[in-house]
Amino acid sequence: MSDDTPEVTAERPDSAFRVTGTDHITLIGSNEEDTIEFYRDMLGMPLVLRQPNLDDPNSTHLFFDTGDGRILTFFVQEDRQSNPQPHRHRVGSVHHLSFSIDAEDFVDIKESLEEAGHGFNEFDRGIFHSLYTRDHNGLTIELSADKFDVPDDRRGEVLATAQKLRVEDGSEFAEERHLEAALEELGIDAEKYELPDADSGVGGV
């Protein structure tokens, strides 16, 4: 490893302090109706809190539970029209949001997206399997299914070990075999899920 290559490891860094997890992510939304229609009625996230934006009482702050108690929030205003055009990315912008889905629901979720008129791309990303769609404001949304039932508290460790194995065999990308070998090396007995075949999508989405 060259001196300028960052170390990839699940070990805690020697930092001034450490965060303990993701509390919430806040985005600038359009209007309340369209935001609730997509995130609650399409993706199934309960709307758990609704109140004025504490920094701008002219806008409303919507809180959605993404499924594990982690919260996604939006600042919305009724006079903002939704714009489904894809985003132009710049440094500091959000490229996409990824939400976990159950592997056993993968086919049903594809059918639900189709029925609702939401186009999507499906890719086998090697270490997970994903659907990519867009919300009502053009933000790319990834719906990601794990290939193995990896315990949440060991995900970082498994990925770091898969990275080590990938580098050792000279592969350009982490593949399912690296993930499987990482689980074996770490002694984690994880169930493998059945997921459909799909292209890798390497080269951009």
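Conventions we followed
Sequence order as written defines the numbering, with residues in each chain counted from 1. Per-residue local features of the predicted model are confined to residues with pLDDT of at least 70, and side-chain atom pairs are confined, for both listing and counting, to 80 or more; whole-chain, interface and lining totals are unaffected and use all residues. Values reported for side chains reflect all heavy atoms of the structure, with hydrogen atoms and water molecules removed beforehand. Note on classification: 1.4 Å probe, protein chains only; a residue is buried when its accessible area is under 20% of the maximum for its type, exposed when over 50%, partly exposed between these limits. The way it works is that DSSP assigns letters per residue, a run of H or I at least four long becomes a helix, a run of E at least two long becomes a strand, and they are numbered from the N terminus. Arc definition: directions from the helix axis to the C-beta atoms. Residue contacts are counted whenever heavy atoms from the two residues lie within 4.5 Å of one another. Stacked, tilted and edge-to-face are the three classes applied to pairs of Phe, Tyr and Trp rings, where Trp contributes its six-membered ring and a pair requires centres within 6.5 Å; stacked means planes under 30 degrees apart, edge-to-face means over 60, and tilted covers the rest. Strands are treated as partners if at least two bridges between them are detected by DSSP. Every angle, taken between N-to-C directions, lies between 0 and 180 degrees, and every axis is a line fitted to C-alpha atoms, over only the stretch in contact when it is a helix. UniProt positions are given in the numbering used here, feature names are shortened, and annotations may be inferred rather than shown by experiment. Only one rule defines a salt bridge in this text: a Lys or Arg side-chain nitrogen within 4 Å of an Asp or Glu carboxyl oxygen. For patch building, the residue pool is restricted to those with more than 30% relative accessible area and no salt bridge; the joining distance is 9 Å between like charges and 5 Å between nonpolar side chains (Val, Leu, Ile, Met, Phe, Trp, Tyr). Using the Shrake-Rupley algorithm and a 1.4 Å probe, accessible areas are obtained, with residue cover drawn only from the displayed protein chains. Neither His nor the chain termini are counted; the positive set is Lys and Arg, and the negative set is Asp and Glu. To locate a charge, the coordinates of NZ of Lys, CZ of Arg, CG of Asp or CD of Glu are taken.

Colleague: Mind showing me how you'd approach helix H4 (residues 176-186) here?
Modeller: Because an α-helix packs 3.6 residues into every turn, residues spaced three or four apart end up facing the same way. Along H4, the residues classified as buried are His178, Leu179, Ala182 and Leu183. Across the axial projection of H4, the buried residues extend over an arc of 140°, all falling on one side. In this structure, the buried residues of H4 make contact with helix H3 (155-169). Two residues or fewer past H4, Gly187 is found with a positive phi of approximately 70°.

Colleague: Whenever I open this one, the packing of aromatic side chains confuses me. Can you help?
Modeller: Across all of its chains, the model carries five aromatic pairs by this definition. Plain terms: the ring middles of Phe38 and Tyr39 are 4.9 Å apart, the flat faces sit at 75° to each other, and that makes the pair edge-to-face. Exposure class is identical for Phe38 and Tyr39. Each is buried. Each ring, one from Tyr39 and one from Phe64, has its centre 6.1 Å from the other, and the planes form 45°; the classification is tilted. On the criterion of sequence distance, the pair formed by Tyr39 in helix H1 (residues 32-42) and Phe64 in strand S3 (residues 56-65) is long-range, its members being 25 residues apart. Residue classification places Phe64 among the buried positions, given a relative accessible area of 0%. Cluster of aromatic residues (ring-pair linked, three or more members): Phe38, Tyr39, Phe64 and Phe74.

Colleague: Would you take a moment to explain the sheet that holds strand S8 (residues 140-146) for this structure?
Modeller: Judged by pairing direction, the sheet is mixed, and its four strands sit side by side in the order S5-S8-S7-S6 without closing on themselves. Here the strands that pair on one side only, and so sit at the sheet edges, are strand S5 (96-100) and strand S6 (121-124). Each strand of the sheet is rotated relative to its neighbour by a mean of 25°, with strand direction disregarded. Here S6 runs beside strand S7 (residues 128-134); their pairing, made up of four bridges, is antiparallel.

Colleague: Explain the UniProt feature "domain: VOC" (unreviewed entry) in the protein chain to me, please; I cannot follow it from the model alone.
Modeller: Taking the UniProt record as the reference, the feature "domain: VOC" (unreviewed entry) is found at residues 21-146. Overall, residues 21-146 shows 17% helix and 40% strand. The separation of its end C-alpha atoms is 20 Å.

Colleague: Please explain the side chain of Asn137 as it appears in this structure.
Modeller: Looking at the element boundaries, Asn137 is found in the loop between S7 and S8. Every residue in contact with Asn137, bar those within four places of it in the chain, is listed here: Gly29, Ser30, Gln81, Ser82, Asn83, Pro84, Gln85 and His87.

Colleague: Is there a simple way to explain the sheet that holds strand S2 (residues 47-53) in this structure?
Modeller: Hydrogen bonds between backbone groups are what pair the strands of a sheet, and the pairing can be parallel or antiparallel. Reading across from one edge, S1-S4-S3-S2 is the order of the four strands in this open sheet, with mixed pairing throughout. Only two strands of the sheet have a single neighbouring strand rather than two, namely strand S1 (24-28) and S2. On average, each strand axis in the sheet is tilted by 20° relative to the strand beside it, whichever way the strands run. Inspection of the sheet shows S2 paired to S3 by six bridges, in the antiparallel sense. If you follow Asn53 over to S3, its bridge partner there is Asp56. Strands S2, S3 and strand S4 (71-76) of the sheet are contacted by H1, whose axis makes an angle of about 10° with S3.

Colleague: Honestly, the pattern of salt bridges in this entry has me stumped. Any pointers?
Modeller: It is possible for side chains bearing opposite charge to pair when their charged atoms get close. Inspection of the entire model under this criterion finds 11 salt bridges. Residue Asp124 is joined to Lys147 by a salt bridge in which the shortest nitrogen-to-oxygen separation is 2.6 Å. Here Lys147 lies in the loop between S8 and H3 and Asp124 lies in strand S6, a separation of 23 residues in the sequence. According to the relative accessible area criterion, Lys147 is buried, its value standing at 5%. Between Arg154 and Glu157 there is a salt bridge, and its shortest N-O distance comes to 2.9 Å.

Colleague: Could you clarify how one ought to interpret a negative patch on the surface in this entry?
Modeller: Negative charge collects at one region of the surface, where Asp68, Asp102, Glu104, Asp105, Asp108, Glu111, Glu114, Glu115, Asp149, Asp152, Asp153 and Glu191 lie side by side. Counting through the fold element by element, Glu114 comes out in helix H2 (residues 106-115). Assessed through its relative accessible area of 52%, Glu114 is described here as exposed.

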